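# A closer look at the structure
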Amino acid sequence: MYCLGIGMGPGVTVFAFAVELFPTDLIGSASGLAAAVARIGALLSAVGFPLMETGVTIPGVLAILAVCAIAAAWVTWHYQLETKGLSLEYLETSTKP
């Protein structure tokens, strides 16, 4: 279930959005930045979980993390850029919304 969730969500989003949102000459840097931010988030989560668990019960911490995950999913869905049917040339030269 974990691998299914990662494969459908944050694992793919980090790299897919960087490729879709940035011009060709910045894709590598954008992917690297996205991966770095994801790693920092993972580190903060790993360090913060035990700290939060001392003040809140484990179900409470999981509820907080679930709310964060739902908020992140909403932001991703709300600000997504649909590129279906658009050529790479058009995406490279047009101003992105």
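Counting restarts for each chain, with residues numbered from 1 along the sequence as it is written. This being a predicted model, a pLDDT of at least 70 is required before a residue's local features are given, and a value of 80 or more before pairs of side-chain atoms are given or counted; all residues contribute to the totals for chains, interfaces and linings. Where side-chain values are given, they derive from all heavy atoms of the structure, hydrogens and water being excluded.

Quick look at helix α3 (residues 27-55) now. What counts as a helix is a DSSP run of H or I of at least four residues, what counts as a strand is a run of E of at least two, and both are numbered from the N terminus. Given a helix with a known number of residues, its expected span is that number minus one, times 1.5 Å. Its 29 residues place the ends of α3 41 Å apart at the C-alpha level, agreeing with the 42 Å of an ideal helix rising 1.5 Å per residue. Gly48 marks where α3 bends most, by close to 35°; the proline Pro50 follows one to four residues later. Buried means the residue's accessible area, taken with a 1.4 Å probe over protein chains only, is under 20% of the maximum for its type, while exposed means over 50%, and partly exposed covers the values in between. Within the span of α3, buried status applies to Ala30, Ser31 and Gly48. Note that the bend at a residue is defined as the angle between axes fitted to the seven residues ending at it and the seven residues starting at it.

With that out of the way, let us pick up the side chain of Ser31. Of note, Ser31 is situated in helix α3. According to the relative accessible area criterion, Ser31 is buried, its value standing at 14%. Setting aside residues no more than four positions away along its own chain, Ser31 makes contact with Phe15 and Ala18. In this description, contact between two residues means that some pair of their heavy atoms is separated by no more than 4.5 Å.

Our next topic: the UniProt feature "transmembrane region" (unreviewed entry) in the protein chain. As recorded in UniProt, the sites labelled "transmembrane region" (unreviewed entry) are residues 26-49 and 56-77. Structurally, residues 26-49 comprises 96% helix and 0% strand, and the distance from its first C-alpha atom to its last is 34 Å. For residues 56-77, helix accounts for 91% and strand for 0%, while the C-alpha atoms at its two ends are 30 Å apart. UniProt positions are given in the numbering used here, feature names are shortened, and annotations may be inferred rather than shown by experiment.

Turning our eyes to something else, we now look at a nonpolar patch on the surface. Candidates for patches are residues over 30% relative accessible area with no salt bridge; among them, like charges are joined within 9 Å and nonpolar side chains (Val, Leu, Ile, Met, Phe, Trp, Tyr) within 5 Å. Calculation of accessible area relied on Shrake-Rupley with a 1.4 Å probe; when residues are assessed, cover is drawn exclusively from the protein chains displayed. For this analysis, a salt bridge means a side-chain nitrogen from Lys or Arg found within 4 Å of a carboxyl oxygen belonging to Asp or Glu. Together, Leu21, Phe22 and Leu26 make up a nonpolar patch on the protein surface, roughly 240 Å² of accessible area in all. In this structure, Leu26 sits in the loop between α2 (10-21) and α3. Judged by its relative accessible area of 40%, Leu26 is partly exposed.

Between α3 and helix α4 (residues 58-78), the shortest axis-to-axis distance is 8 Å and the interhelical angle comes to 130°. Of the possible angle classes, the one that applies to α3 and α4 is oblique. α3 and α4 meet at a crossing whose hand is right-handed. Each of Phe49, Met52 and Glu53 in α3 lies in contact with α4, whose residues at this interface are Ile58, Val61, Leu62, Ile64 and Leu65. Gly is placed with the polar residues, together with every amino acid not listed as nonpolar (Ala, Val, Leu, Ile, Met, Phe, Trp, Tyr, Cys and Pro) or charged (Asp, Glu, Lys and Arg). A breakdown of the residues in the contact of α3 with α4 according to their chemical character gives seven nonpolar, no polar and one charged. Helix axes are fitted to C-alpha atoms over the stretch in contact, other axes to C-alpha atoms as well, and angles between N-to-C directions run from 0 to 180 degrees. Angle categories are assigned with fixed cut-offs, so that under 35 degrees is roughly parallel, over 145 is roughly antiparallel, 65 to 115 is roughly perpendicular, and the rest are oblique. Whether a crossing is left-handed or right-handed is set by the direction in which the near helix is turned from the far one by less than a right angle, anticlockwise for left-handed and clockwise for right-handed.

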